Every structure is written in C-alpha cells, then in structure tokens.
Amino acid sequence: MVIVSLSSCEDLLDPDLDGTLSEEAVWSNNNLAFGFLNNAYNNLPDGYNRISNAMLAAATDDAVSPDPISKVNGFNDGRWSPFNVIDDVWNKNYEGIRKVNTFLEKVDSVPLPKKSNALGTDESILNTRKRMKGEARFLRAYFYLELVKRYGGVPLTQSALTPEEAVNLKRASSDDCFEFILAECEAAAQLLPRKYGSAPAIVGFNEGKDIGRATSGAAIALKSRALLYWASPLFNPANDVTRWERAATAAAEVIDYTVNETGGSKVYNLQRFSSTLTMSTLFTTNSIVPQYHDEIIFSTKYNNNTTVERQNAPISYGAKGLTNPTQNLVEAFPMSNGKPISDPTSGYDSNNPFKDRDPRLSMTVLANGTEFEVNDKARVLETFDGGADGPGAYPNATQTGYYLQKYVMPFAAWEGRTVDVTRTWILIRFAEIYLNMAEARNEAFGPDDDVYFALRTLRFRAGFRPVYVPPGLSKDEMRKFIQNERRIEMAFEEHRFFDVRRWKLFDQPSEREKLLTIRGVKITKDPSSGNFTYDTNNVVQQRFFSDKMYLYPISESELNKSNMLEQNPGW
C-alpha cells in the first residue's frame, strides 16, 4: 500500500539537487533539509487538463470532453471502478504526506552551522525552521483534504513509516480525518507569517523565493474549506449545525485578515474586473496583475507555457478544443440585471441569448459570434452548423456549441512564433471564501445580512450595476441561489465536481435529472438574412450515476498491498 511513498530520501530531493546525495548528507545540511520540504510543494494539484487531457469539469454538468478516448468519460458512463480508477491521486498525496512527515521528524536534528552563513545566524535558521514546520503542517492538511473529499476516511499517519508498518494501517473515520486536518490548520496558522515581506520581517526572507509559500491566512482559509465539507450532507448526515457555524467563523476571519494582528490593510482583496482584467487574468501575470496578487490565498508556482491555449482554444485557431462548456452551465449565468433567465421580467431574449448577460459569462464561455483572438489569429467565432468551428467541422469539434474562454489568453502563440503565458493554478481564491461564508451562515443562521453582503460583494466585483441579489429569500431558496453563484464564480476551478457530491444533489430527483442530462446548443444560420436560431434543448450526453459514486473507489492495487485497507461501500 502506498500510504507512504516507498522512495528513498534521495528520490525526494528537489530536482536541482544532486540525486546521489545520501540521506545522512541531506539531514546534515540546513539548506538541503529546507530543499527537501520545498519538494513537497510539487505534490500539490494542478487542474489544467490533467485527466487524460480533459479538465475535471468535463465530469460535471458544466462541460463535455469531445475526445471519445479521454478517461474522464469514465466518470460519466459508469466505467470507473477499483480496476479503472480515474483521477487516482492516492499515491501523489501520500507521497506528499511522507515528505512532510520525514521533514518534521528530522529537521530539528540538523546541526546548526559553526558560524553564520548564507542562511543567517543560528536564531534566523531556527526561525526559518519554525516557519517551515508551519508550511509542512499546512501541506499535510492540504494533502489529507484532497484524499478525504474523494475517499472519505483514509489512513492517518504522522510518521514516515516503513513498508512493513504502512501495510498495517487502518482507515480512520472521516470525522477523525477532518478533526486532524483542522488541528493541522490551526497549528500551521500559529507558525506561519501573515504575509511574506511584511513586518516583522521573516528572517532569511527572500522576495523571489518565499512569496507563494503557505501563510497563516492560507491555513485559516483551508480550515474554512475543510469545515464546509465536514458540515455538508455527505459528511454530516445528522446536520450538526455547529460545523456550519465554525465554517462561517473561519471564513469571516479570512475576509477580515489584516497584515498585522493589531490591524492595518487587508491581506486579501478581490480584483476588479475590467476590459483588461478578467477571470483569465487572475491566473496569469502582467503589468496590471502581479504574481501572487492579493486575490490569491494559495496557488502553485508560476510556469511559462501555451499548453492551456493549445488544448482548449477552438480547433481552427490551431488548437484542440478539448473543453466544451454546456448549455446547462450557460443557463446558470443570470442577466446583467441579476435576474435569472427563467424570470419573465429579466429581459432574456432567446433569439439573442448572450445579450446583457452576467459579465462573467463572456469571461468563462466562448460563444458563437464572439470576437476571439489567439495564436495570431483574430476573427469572429463560428459554432453554428456549417461554421468554421461548429459541430462536425472537425472530428473533435465542439459537441455543445461552445468552447472554453476562461484561462485562454489572446496573446498566446505557438505557430510560427512562440509567446508563452506565465500562469499559476489557484488552489484557494479569495472569492471562494465569500462563498464559503455565505453558504455556511445561511445553513447556520438563515439568509442574514452577512449572507447578502458576501453575495453582493462578489456581484459588485463582477460588474453588476446595480448589484442585485433577490430580497426576501427563504433559507432553502437562498441555498439554491448560493449553489448557483458558486457554480458560475468558480467554474472550471475543480469545485463543481465535489460540490454536487458533498451537497448530495443526486438524491434530489429534479437535480439528478439536470445533472445527468447534458445539453448543448444547436445553432442554425439563415443563409439569406444571416440571422441565427438557437435550439437549447439539444441533448449531447445522457450520463449515469449510482450512490456509490459519491466517493471514489480505492484502487485494487492499493488494496492488494494492504492487510487492513477496506474498500468504499458499493465498490
């Protein structure tokens, strides 16, 4: 069982270190020891087309993968099993946990230098160790939450176990796992700085190296997410309301978090969208948006590439078009006046369906008639039948009538010349915290002023003028509103797949039908007038779900390695 990675310490060193170094050498040198923990950051997830070139959203009602051989389709037709595990993150996260456990076990035994060196004085090295212990405990909590939200209770260990010890570990309950994750977040928050480069200065601080590491705010934000999951129906069948209360409190603490304990400016803020700052820009960097800007609570390191554009832009632009947003998702976006398109007073026009919509729609979804540029090609997107990127134009052309806009940067180029995009994958975004607070407070206290404040804040940032959130909603009505707002704000950020499961929406017949009946738009162009007609009831996939699929199966190969590991029910 790969509860812990069976690799030697030499294998776990940062790639720029000499792989032939012995374990003794690593734990005799503070610089190498710190590099050992740095390597654990490589075990964090990256959501860009990571499942057989598909995004996880293609396993939700938000998107379709046009690639018939992509493994992501196994989520949708029921072909996944212990022998065919999709999104198998078991090994990756337990490898990260082992790295962290090894670091925490050994770092205090690393001798201090006989005299000051590049790392600083004895005091500064000890302070850096303390901080990095906080990073380690944060990472351990993150890795465990990635496991628990997929598998439920998993084996817990704080030791770098031998293979013989590992095979005898039992699964802990999901409650025990959440309690452990929360304790790790709280401990990490006490050890980590609020912001790198702020007063008091972090000893040994290096602007280029340390920005992007875990902070105390990230630990509290992760606590908010973990509490939200633990409070949700999948993990809280008795509806212990105190869990919702605790989740709301943690989210509020992040929203009010300041640079110093005594006050000062806010650490986190929402970026204001504009013609030059969009959903896509949040994940990149330019003259307007710096790396690790203040909407990012925690993210991966930045990389230079055009992979996202090449995989997701429309095919006629020299790309592959591998993510097709659904009509289901498009209809979730309200009008620019804040009203849902189903409201007869909203002003929605089925003959001009993209006019006066939520500004986030055009930042997320590429629709027919959009002026679009990428790879040094600029023209109007055609997804109507017979259009340059419509269904049937290519073997893997869009199945839904839409392509992905979010993350795709117009200046990216890869044919004739290369213009890379510098981007990160945001793991915790400040907007999520507002949604966490709204959801948790509504469940704990009903739709109070704080719930409305959180939702209005997000809509104001999105560009709604005036800001409209329906007044007088009941708790149940507000729950549906928040669930929809979370869907559109966090689209394609790997939340929807787990949200519909923790909410247990498949237990509700009306929701189940909508989740499993995947629709696109069929667009017909009148050759004489040039006008378009839109058939939004075009079913492109009928999917399958059974109750066992609320949780992942543990792979058969892991079960075969263990004396104690039990499979999830139904698998």
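Scroll up a little and you will see the structure.
Residues numbered from 1 in each chain as written. Predicted model: local features only at pLDDT ≥ 70, side-chain atom pairs only at ≥ 80, totals over all residues. Heavy atoms only, no water.

**Some details on the overall build of the protein**
Under the convention used in this document: Starting at the N terminus, helices and strands are each numbered in turn, a helix being any DSSP run of H or I of at least four residues and a strand any DSSP run of E of at least two. Radius of gyration: C-alpha atoms only; globule rule: 2.2 Å multiplied by the number of residues to the exponent 0.38. What makes two residues a contact is simply this: any of their non-hydrogen atoms within 4.5 Å. Residue burial considers only the protein chains on display, and all accessible areas are found by Shrake-Rupley using a 1.4 Å probe. The charge count includes Lys and Arg as positive and Asp and Glu as negative, but it does not include His or the ends of the chains. To locate a charge, the coordinates of NZ of Lys, CZ of Arg, CG of Asp or CD of Glu are taken.
Secondary structure assignment for the protein yields 19 helices and 14 strands. Taking 2.2 N^0.38 as the reference for a compact globule, 571 residues should give roughly 25 Å; the C-alpha atoms of the protein span a radius of gyration of 24 Å, in line with that estimate. Considered along the principal axes of its C-alpha atoms, the protein spans approximately 85 × 55 × 50 Å. Here the analysis covers contacts within the protein between residues at least 6 apart in sequence; of these, 70% occur between residues at least 24 apart. Total accessible area computed for the protein in this model is approximately 22,500 Å², and 49% of it derives from carbon and sulfur atoms. Both charge centroids of the protein, one from 64 positive and one from 73 negative side chains, sit 1 Å from each other.

**Comments concerning helix α9 (residues 216-231)**
This is how it is decided: To estimate the expected span of a helix, subtract one from its residue number and multiply by 1.5 Å. Three labels apply to residues, based on accessible area from a 1.4 Å probe with only protein chains included: buried if under 20% of the type maximum, exposed if over 50%, partly exposed otherwise in between.
Helix length check: α9, at 16 residues, gives a terminal C-alpha distance of 22 Å against a target of 22 Å (1.5 Å per residue), a fit within 8%. A large share of α9 lies buried, amounting to 16 of its 16 residues.

**A word on the side chain of H293**
Where we set the bar: Any N or O atom pair separated by 3.5 Å or less is treated as a polar contact, with the protein-specific requirement of one donor-capable and one acceptor-capable atom, and with residues adjacent in sequence counted only for side-chain atom pairs.
Following the sequence through the fold, H293 ends up in the loop between β3 (263-266) and β4 (296-299). Residue H293 is classed as buried on the basis of its relative accessible area of 3%. Of note is the side chain of H293, whose polar atom sits 2.8 Å from the backbone oxygen of L282. Leave out the neighbours within four places in its chain, and H293 touches Q271 and L282.

**Focus: the pattern of salt bridges**
Threshold: For this document, the term salt bridge refers to a Lys or Arg side-chain nitrogen within 4 Å of an Asp or Glu carboxyl oxygen.
Tallied over the full model, the rule gives 48 salt bridges. With a closest N to O distance of 2.5 Å, D87 and R50 form a salt bridge. Pair noted here: D87 is in the loop between α3 (73-77) and α4 (90-106) and R50 is in the loop between α2 (30-40) and β1 (63-64), with a separation of 37 residues, a long-range link. What makes D87 buried here is its relative accessible area of 7%. A residue is classified by how much of its surface remains accessible, and R50, at 27% relative accessible area, is partly exposed. For the salt bridge of E489 with R360, the shortest nitrogen-to-oxygen distance reads 2.9 Å. With E489 in helix α16 (residues 475-489) and R360 in helix α13 (residues 359-364), the pair connects residues that are 129 residues apart, well separated along the chain.

**What about helix α7 (residues 174-191)?**
Helix length check: α7 (18 residues) gives 26 Å between terminal C-alpha atoms against 26 Å at 1.5 Å per residue, within 8%. All buried positions along α7 are accounted for by S174, C177, F178, F180, I181, L182, E184, C185, A187, A188 and A189. Next to the buried residues of α7 lie α5 (122-151), α9 and α10 (241-255).

**Examining the side chain of D448**
With respect to the helices and strands, the residue D448 is situated in the loop between α14 (430-445) and α15 (449-462). Among the polar contacts listed, one links the side chain of D448 to the backbone nitrogen of D450, at a separation of 3.2 Å. Of the polar contacts made by the side chain of D448, one reaches the backbone nitrogen of V451; its length is 3.1 Å.

**Description of the packing of α5 against α9**
The following threshold applies: Note on geometry: axes are C-alpha line fits, over the in-contact stretch for helices, and angles between N-to-C directions span 0 to 180 degrees. An angle counts as roughly parallel when it lies under 35 degrees, as roughly antiparallel when it exceeds 145, as roughly perpendicular when it falls between 65 and 115, and as oblique in every other case. By convention the crossing between two helices is left-handed if the near helix lies anticlockwise of the far one by an angle smaller than a right angle, and right-handed if it lies clockwise.
At their nearest, the axes of α5 and α9 sit 11 Å apart, and the two run at 20 degrees to each other. For the element pair α5 / α9, the angle class is roughly parallel. The chirality of how α5 crosses α9 is left-handed. Across the interface between the two elements, F138, A141, Y142, L145 and K149 of α5 pack against A218, A219, L222, R225, A226 and Y229 of α9.

**Here's the deal with the packing of α9 against α10**
Taken N-terminus to C-terminus, the directions of α9 and α10 make an angle of 155 degrees; their axes are 8 Å apart at the nearest point. Here α9 is positioned roughly antiparallel relative to α10, judged by the angle of their axes. As for how α9 packs across α10, the hand of that crossing is left-handed. Taken together, the residues of α10 that come into contact with α9 (itself represented by G217, I220, A221, K223, S224, L227, L228, W230 and A231) are R243, W244, R246, A247, A250, A251, E253 and V254.

**Things to note about the nonpolar core**
Spelled out, the test is: Throughout, nonpolar core names a set of buried Ala, Val, Leu, Ile, Met, Phe, Trp, Tyr and Cys residues whose side chains join them through atoms within 4.5 Å.
By size, the foremost hydrophobic cluster in this structure holds 152 residues, and its most contacted members are F75, F138, L139 and F298. Considering each element in turn, this core owes the most residues, 13 residues, to α5. Counting 15 residues, the second largest nonpolar core, distinct from the first, contains Y403, M409, W414 and V421.

**With respect to the packing of aromatic side chains**
Put simply, the test is: A pair of Phe, Tyr and Trp rings is counted when the ring centres sit within 6.5 Å of each other, with Trp represented by its six-membered ring. The angle between the planes then sorts it: under 30 degrees is stacked, over 60 is edge-to-face, the rest tilted. Only lysine NZ and arginine CZ atoms are considered, and such an atom sits over a ring when it is within 6 Å of the ring centre and within 35 degrees of the ring normal.
Enumeration according to the criterion identifies 36 aromatic pairs in this entry. Each ring, one from F75 and one from W80, has its centre 4.8 Å from the other, and the planes form 70 degrees; the classification is edge-to-face. On the accessibility criterion, F75 (4% relative accessible area) is buried. You can call W80 buried: its relative accessible area is 2%. Both rings, one in F178 and one in W230, keep their centres 6.0 Å apart while their planes meet at 20 degrees; by these two values the pair is stacked. Note that F178 is positioned in helix α7 and W230 in helix α9, a separation of 52 residues in sequence. An identical accessibility class is assigned to F178 and W230; each is buried. Following the ring pairs from residue to residue traces out a cluster consisting of F75, W80, W90, Y94, Y144, Y151, F180, F497, F498, Y552 and W571. Just above the ring of Y48 sits the side chain of R423; from NZ or CZ to the centre is 5.7 Å. One Lys or Arg, R465, reaches over the ring of F460 and ends 3.7 Å from the middle of that ring.

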